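Secondary and tertiary structure notes
The residues making up each chain are set out below.
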Amino acid sequence: ALKLNPENADAKENFYRIANWLVERWHFIMLNDKKRNLMYQRAIEKAVQAGCKTVLDIGTGTGILSMFAKRARAPHVYACEFSRTMYDLACEVVAANHMQGEIKLLHMKSHDLQVPEHIPEKVSLVVTETVDAGLFGEGILETIIHAWKNLLLEPKSKDFQSERYGQVIPAGAVVFGMAVECPEIRRHHRVIVNEVAGVKLGVQFISPVHSGQKIDDVAEPYSTEKMSRVPGGYKSLSQSFQALTVDFNSLKDLESIASGKTCRIQVQIHEQGQLDCFITWFVLYLDEEHSLSTGPSEETCWEQAVFPIHNLPADGCFLNPGDIVVVDVSCPDCYLRLDLVSIYRGGKSDGASCSNMPSGNETQLCDAMASLYTKPQEDTMQVPCILNPNEIAMLNNTSYHESFKVAINNVISSLVPSNNWTSNGASSTEEYYSDALYVLDVSEGFSILPLIAAQLGKVKSYSSVEEEQHCVTLQKLTEKNGVAKESLEFWLNQLDTDDDVLQRPKSDKLWSIIILDVVEPCGLIRQEVIEKAAIARCLLHSGGRIFPQAVAIYGMLIESPTLLQECVVQGAEPTLGFNIATFINQFKVPVQMFLNLSTLPYVSLSDPLELLRLELMDLCSNSLSLVKEHKVKTCKSGQVTAIPFWYHLHLDEHISLDTSHETSHWKQAAFVLESPLHVDQGEELLLQVHFQNSNISMTLKR
Ligand SMILES: CCc1ccncc1CNCCCCSC[C@H]1O[C@@H](n2ccc3c(N)ncnc32)[C@H](O)[C@@H]1O
């Protein structure tokens, strides 16, 4: 559709969402990482010059490593790639660089390769970079074990000197770990408040990323963060320790790691602070002399793996210098895992230690920790509720909930006299709720707003949480907070189909409040927000409100080379002369999401300005597409590379929420210009903002 009509907004919008899904964003970072490309090229050259004649590139992606092997004059080069999109792309790249016919590309997983059907003989060199922040997350362990058994010549060995032997690039890796205090990770993985806007949280919440017992296989063993750009920074509580080493040229070593063996490490704490997580990174040794590091301190572009500590009380676990933290490192089902086993109070404890940790010896503490990790008790109070990191950060955001509480209360108290709470002789709950106010919360994911509303008046509050465990948790919270269970209902159970979520509460009733969810955690406006607001307005009785009543979108002009590195390959120079940019940049998307604007390296070239305002309560103001023009004055000269944007959600005339605030659970998005625009200080530019079907696009002209 795009090829036919490049301007078709719908096609464009769908393409961008699909492009993000088809081609992972790290391809841009990787291809722009000239240092990484140089290391791989040198290691491959060295191996070919040392006699490797047949090369297999596993997970070729764009084909760059295979082209390095061909450039080094390897006689036979084979490449396999699992993703169809990347395979097709690699074919185009190899042809454009005049190497088609010299590299045999296979759209296959390496585990399915057969000799001689797919590759004529066992190879002397396997190259691959199928690694993620936790090293093994892309299956490199299983991949190389399979390769040694089926695709590689015998490894070099002392007894028989034959030049036909197999080897792997990378030759090995060393994984390092560190104990860390980081409030930003804490607020995304642990509920650190006991009460929010008057609602007591007696329930245990944990994020899917947990090193505790596997509640179910949805759990990822770690999350990833670029620690050098975590808002609020972090503090190392220990030296970095060697968590694991792997030798990709030793099948025995690989199988022993894959068998899930655990190694227990004692980590010396040298800084005072709260233990929020362990982080890990690795040094990838391509060969003895060429290596790459994904460490937090190097200027590396890669993220680190984060292992949040769970099952700790809200006030966390305080450590002192001299304490020993015992950690188990293992690779069950080939995923790296770090588990906190126990804490041994070695140093003088100044009493500010983990309040719930007896400062006895290790074994006693071990039992204490073990009891925290036990399977949930039979009574439901102990079953932890799994929330994703955004939902946990939202729950921790007390000012967000306080703002809603005031705005909801303003509406409720404006609608009914305060005395309508009394049961004035109501004979049944049916009668009692006959004149109740109806509140609907259509937020995505877990939300306690309905409970907050139910505490504020004679309210029938409807929650649209879907997951069973979220409904159970809300019911427990209702009980714990002394709210009548009749005042909280689950809306989706009352609907025959999920699609028409927005309809009357009852045939003869209208809503007093409808809470919409306007902004996605990634920083984009949700799809069909305008349409939903239009329907919601018709379901309100007079004096009723929808929240937010208006959304103001703010933005500014910035120069950010870092952002460019993450979304466009900068020509052929970073890829050492190969033309890959032309092809991979077809999959670049103009809007970068999930940004932490507070820590993104950039220079502001203009002041923030209001780009667009969506009135959700005002009937006529919204057509589905809006265009707004702004004259923007630059405050500095430079290259405008992007226009980040964020929102002020106006709950009512007086209360608004800023989605770029440091306590916010939202990330920000940025519109990246097709090509950077050089500007002088004081210049006035014309910025056009288009809002169409919930998609924001911009053009910037002189
Ligand atoms: C310093 C490197 C670094 C450090 C930290 N974080 C990230 C990185 C960068 N590495 C990212 C690559 C990660 C993705 S893997 C690249 C491509 O290979 C494909 N594949 C994967 C396995 C596999 C197989 N057995 N057989 C065929 N194909 C296979 C995937 O379909 C993908 O397209």
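Above this text sits the structure in question.
Below is a summary of the structure that appears in this document. (Residues numbered from 1 in each chain as written. Predicted model: local features only at pLDDT ≥ 70, side-chain atom pairs only at ≥ 80, totals over all residues. Heavy atoms only, no water.)

1. Comments concerning the sheet that holds strand E13 (residues 263-268)
The condition that has to hold: Strands are treated as partners if at least two bridges between them are detected by DSSP. The numbering of helices and of strands both runs from the N terminus, where a helix is a DSSP run of H or I of at least 4 residues and a strand a run of E of at least 2. Axes here refer to lines fitted to C-alpha atoms; in helices the fit is confined to the stretch in contact. Angles between the N-to-C directions go from 0 to 180 degrees.
The 3 strands are arranged E13-E19-E20 in an open sheet whose pairing can be described as antiparallel. Pairing within the sheet leaves two strands with one partner each, and these edge strands are E13 and strand E20 (337-344). Sheet twist, expressed as the average angle between the axes of neighbouring strands with direction ignored, equals 25°. Here strand E19 (residues 324-330) runs beside E20; their pairing, made up of 7 bridges, is antiparallel.

2. Focus on the site of the ligand
Definition in use: To be near a molecule or strand, a residue needs just one of its heavy atoms within 4 Å of it. Pairs of N or O atoms are called polar contacts if they sit within 3.5 Å, as long as, within protein, a hydrogen donor faces a hydrogen acceptor (for residues adjacent in sequence, only side-chain-to-side-chain pairs). Using a 1.4 Å probe, accessible areas were evaluated by the Shrake-Rupley method; residue-level cover was limited to the displayed protein chains. Residue polarity follows a fixed list, in which Ala, Val, Leu, Ile, Met, Phe, Trp, Tyr, Cys and Pro are nonpolar, Asp, Glu, Lys and Arg are charged, and the others, Gly among them, are polar.
Every one of the 23 residues lining the ligand counts as a neighbour, but Gly-59, Glu-81, Ser-110, Glu-129 and Val-131 are closest to it. Contact distances for the ligand include 3.2 Å between a nitrogen atom and a backbone N or O atom of Phe-82. Between the ligand and Val-131, the relevant distance is 3.2 Å, taken from a nitrogen atom to a main-chain nitrogen or oxygen of the residue. For the ligand, whose accessible area on its own is 720 Å², the fraction buried by protein is 93%. For the shell around the ligand, the residue count by class is 11 nonpolar, 7 polar and 5 charged.

3. Re the nonpolar core
Condition: Residues belong to one nonpolar core when they are buried, are Ala, Val, Leu, Ile, Met, Phe, Trp, Tyr or Cys, and are joined through side-chain atoms within 4.5 Å. Using a 1.4 Å probe on the protein chains alone, a residue whose accessible area is under 20% of its type maximum counts as buried, one over 50% counts as exposed, and one in between counts as partly exposed. Between two residues, a contact is recorded if the distance between any of their heavy atoms is within 4.5 Å.
With 100 residues, the main nonpolar core has Phe-136, Phe-278 and Val-325 as its most contacted residues. Among residues more than four places away in sequence, those in contact with Phe-136 are Leu-141, Leu-244, Val-246, Ile-257, Cys-331, Cys-334 and Leu-336. Membership of the second largest hydrophobic core comes to 97 residues, among which are Ile-553, Leu-616, Tyr-647 and Met-698.

4. A word on helix H16 (residues 529-538)
Test applied: The directions considered for the arc are those from the helix axis to the C-beta atoms.
Buried residues of H16: Val-529, Ile-530, Ala-533, Ala-536 and Arg-537, and no others. The buried residues of H16 occupy an angular sector of 125° when the element is viewed end-on, so they sit on one face. As for H16, its buried residues are in contact with strand E25 (511-515), strand E26 (540-547), strand E31 (609-615) and strand E36 (684-692).

5. A short note on the sheet that holds strand E37 (residues 695-701)
Pairing within the open sheet is antiparallel, and its 3 strands lie in the order E32-E36-E37. The open sheet has two edge strands with one neighbour each: strand E32 (625-633) and E37. Taking each pair of neighbouring strands and ignoring which way they run, the sheet shows an average axis angle of 20°. With 7 bridges connecting them, E36 and E37 associate as antiparallel partners. Bridge pairing in E37 links His-690 to Ser-697.

6. With respect to the packing of aromatic side chains
Using the following cut-off: Whether two aromatic rings pair depends on their centres lying within 6.5 Å, for rings of Phe, Tyr and Trp, where Trp uses its six-membered ring; planes under 30 degrees apart make the pair stacked, over 60 edge-to-face, and the rest tilted.
Scanning the model with the defined rule gives 15 aromatic pairs in all. Relative to Phe-547, the ring of Phe-404 lies with its centre 6.2 Å away and its plane at 75°, an arrangement referred to as edge-to-face. Taken together, the positions of Phe-404 in helix H11 (residues 398-415) and Phe-547 in strand E26 put the pair 143 residues apart, joining distant regions of the chain. On the basis of relative accessibility, which here comes to 5%, the residue Phe-404 falls in the buried class.

7. Brief notes about the pattern of salt bridges
What counts, and what does not: By definition here, a salt bridge exists when the distance from a side-chain nitrogen of Lys or Arg to a carboxyl oxygen of Asp or Glu is within 4 Å.
Counted by the stated rule, this structure contains 23 salt bridges. Note that Lys-34 is salt-bridged to Glu-573, the shortest N-O span being 2.5 Å. You can see Lys-34 sitting in helix H3 (residues 34-49) and its partner Glu-573 sitting in the loop between helix H17 (561-565) and helix H18 (581-584), a full 539 residues away along the chain. The network of salt bridges with common partners includes Lys-46, Asp-287, Glu-288 and Glu-289.

8. Examining the packing of H3 against helix H4 (residues 64-71)
The cut-off we apply is this: Relative orientations are named as follows: roughly parallel for angles under 35 degrees, roughly antiparallel for angles over 145 degrees, roughly perpendicular for angles from 65 to 115 degrees, and oblique for any other angle. With the far helix as reference, a near helix turned anticlockwise by less than a right angle produces a left-handed crossing, and one turned clockwise produces a right-handed crossing.
The interhelical angle for the contact between H3 and H4, taken along N-to-C directions, is 45°, at an axis separation of 9 Å. The orientation of H3 relative to H4 falls into the category oblique. Crossing handedness for the pair H3 and H4: right-handed. Along its contact with H3, which presents Arg-36, Asn-37, Tyr-40, Gln-41 and Ile-44, the element H4 presents Ile-64, Leu-65, Phe-68, Ala-69 and Arg-71. Tallied by class, residues from the contact of H3 with H4 come to 6 nonpolar, 2 polar and 2 charged.

9. As for the pairing of strand E27 (residues 550-555)
Of all 6 residues that make up E27, 6 are buried, and the element is covered over most of its length. Strand direction decides the pairing type here: E27 and E31, joined by 6 bridges, are antiparallel. When the sheet's bridge partners are listed, Gly-555 is paired in E31 with Leu-609. Relative to strand E33 (residues 638-650), E27 is paired through 6 bridges, and the arrangement is antiparallel. Bridging across to E33, Ala-550 finds its partner in His-650.

10. Points about helix H10 (residues 389-396)
Counting buried residues along H10, 6 of its 8 residues qualify, which places the element largely inside the surrounding structure. Three or more residues of H10 are buried, namely Glu-391, Ile-392, Ala-393, Met-394, Leu-395 and Asn-396.

11. Overview of unusual backbone geometry
Residue Pro-116 follows Val-115 across a cis peptide bond; omega there is 0°. Tracing the sequence through the fold places Pro-116 in the loop between strand E3 (103-106) and strand E4 (125-128). With an omega of -15°, the peptide bond between Phe-547 and Pro-548 qualifies as cis. When you line up the elements, Pro-548 lands in the loop between E26 and E27.

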